[in-house]
Amino acid sequence: MEETIYIRMRNRVQAPPEEKVLLKDIAQVIAPDEVLSPLQTMMIHQLTDTDQNIVIIDVMKVIHLIKSEFGEMEVQTIGPAQTIIEVTYKKKGVSLPFFLLIWFLLFFGSAMAIMNFHDDVSMKSVQEKLYTIITGKKETKPLLFQIPYSIGLGMGMILFFNHFFKKRINDEPSPLEVEMFNYQMDLDNYVIIHENKESMKKISDD
């Protein structure tokens with residue numbers, strides 16, 4: 001009976017420059033014990049400077065390499081048909097002036113956005129009317145509503161994004177994380193189609 005090799009390609013792999021990419025790095029492998037070790041250490045790709053920061057490994061290339069070494073065995077693939085190799089370079093430290101500039105822009109930009117929104121919906125007049133209805137007194141600065149509202153606004157943002165600084169409140173992903181995940185999936189699909197030379201072919205009339 002012909003023995004079978006099962007391969008499940010990983011979606012994305014990070015590797016340093018000039019790294020030798022082995023099969024075990026880009027895929028999960030199930031195979032007979034006698035071939036499992038040499039199969040996992042089989043080199044699939046050698047990263048070079050010409051690869052830039054993204055490399056696409058197609059499952060057909062992997063099958064071809066396996067067949068050239070273990071031609072008598074059947075290869076079955078499960079899951080994704082490509083693996084994206086992201087070449088990770090050493091990150092540069094962020095300078096303090098640049099960090100302060102970004103913090104300044106985000107802080108005052110978000111503050112202006114919140115204030116403009118409140119002005120558009122006449123939040124101040126609504127709070128004044130609520131204060132008058134409850135207390136029977138007219139007050140131009142109803143701090144009884146404004147202070148709890150400001151605290152609640154901050155708490156609501158913390159609960160919405162599910163983070164307090166670097167600490168996660170619970171295991172549920174925040175809406176921002178879901179949107180970032182969807183963006184990453186769309187980006188990966190774009191890269192797979194446009195960077196993988198085997199995914200598109202132009203038939204010439206010549």
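Heads up: these notes are all about the structure in this document.

The terminal C-alpha atoms of helix α6 (residues 143-161), which comprises 19 residues, lie 27 Å apart, in line with the 27 Å expected from a rise of 1.5 Å per residue. Positive backbone phi, at 60°, marks Asn162, one or two positions downstream of α6.

This part takes up a negative patch on the surface. A surface patch of negative charge is lined by Glu3, Asp33, Glu34 and Glu72. Looking at where Glu34 falls in the secondary structure, it is placed in helix α2 (residues 33-40).

The strand order across the open sheet built from three strands is β2-β8-β6, with neighbouring strands paired in mixed fashion. Looking along the sheet, the strands with just one partner apiece sit at the ends: β2 (12-15) and β6 (54-58). Each strand of the sheet is rotated relative to its neighbour by a mean of 25°, with strand direction disregarded. The pairing of β6 with strand β8 (residues 82-87) spans five bridges and is antiparallel.

Let us look at the nonpolar core. Ranked by internal contacts, the top residues of the largest apolar core, which has 26 residues, are Leu23, Ile26, Leu39, Val62 and Ile66. Those elements that provide at least two residues to this core are β1 (4-9), β2, α1 (23-26), β4 (27-30), α2, β6, α3 (59-69) and β8. When near neighbours in sequence (up to four residues on either side) are disregarded, Ile66 contacts Ile5, Ile7, Leu23, Leu39, Met42, Gly71 and Val75.

Once that is clear, we can look at the pattern of salt bridges. Under the definition given, this model contains three salt bridges. The salt bridge partner of Asp188 is Arg12, with a shortest N-O separation of 2.3 Å. Of this pair, Asp188 sits in helix α7 (residues 175-195) while Arg12 sits in strand β2, placing them 176 residues apart in sequence. When its relative accessible area of 10% is taken as the criterion, Asp188 is described as buried. We note a salt bridge from Lys124 to Glu128, for which the minimum N-O separation is 2.4 Å. Here the residue Lys124 and the residue Glu128 both occupy positions in helix α5 (residues 123-135), the gap between them amounting to four residues, near one helical turn. Residue class for Glu128 comes out buried when judged on its relative accessible area of 17%.

With that settled, the discussion passes to the pairing of β8. Burial of β8 is extensive: five of the six residues sit out of reach of the surface. The sheet contact formed by β2 and β8 spans four bridges and is parallel. Opposite Ala15, over in β8, you have Val87 as the bridge partner.

Right, let's talk about the packing of aromatic side chains for a bit. Overall, the coordinates contain three aromatic pairs when judged by the stated rule. On the numbers, 4.5 Å between centres and 50° between planes, the contact of Phe104 with Phe108 is tilted. Placement of the pair is Phe104 and Phe108 together in helix α4 (residues 96-120), with a separation of four residues, close to one helical turn. On the numbers, 5.1 Å between centres and 85° between planes, the contact of Phe107 with Phe108 is edge-to-face.

What counts and what doesn't
Residues numbered from 1 in each chain as written. Predicted model: local features only at pLDDT ≥ 70, side-chain atom pairs only at ≥ 80, totals over all residues. Heavy atoms only, no water. Helix = DSSP H or I, 4+ residues; strand = E, 2+ residues; numbered from the N terminus. Expected span 1.5 Å × (residues − 1). Patch = residues over 30% accessible without salt bridge, like charges linked within 9 Å, V, L, I, M, F, W, Y side chains within 5 Å. Areas by Shrake-Rupley, 256 points an atom, 1.4 Å probe, with all protein chains shown as cover. Salt bridge = Lys/Arg side-chain N within 4 Å of Asp/Glu carboxyl O. Lys, Arg positive; Asp, Glu negative; His and termini not counted. Charge placed at Lys NZ, Arg CZ, Asp CG, Glu CD. Pairing = 2+ DSSP bridges. Axes fitted to C-alpha atoms, helices over the stretch in contact; angles between N-to-C directions. Core = buried A, V, L, I, M, F, W, Y, C linked by side-chain atoms within 4.5 Å. Buried < 20%, exposed > 50% of the residue type's maximum accessible area, 1.4 Å probe, protein only. Contact = heavy atoms within 4.5 Å. Phe/Tyr/Trp six-rings, centres within 6.5 Å; stacked < 30°, edge-to-face > 60°.

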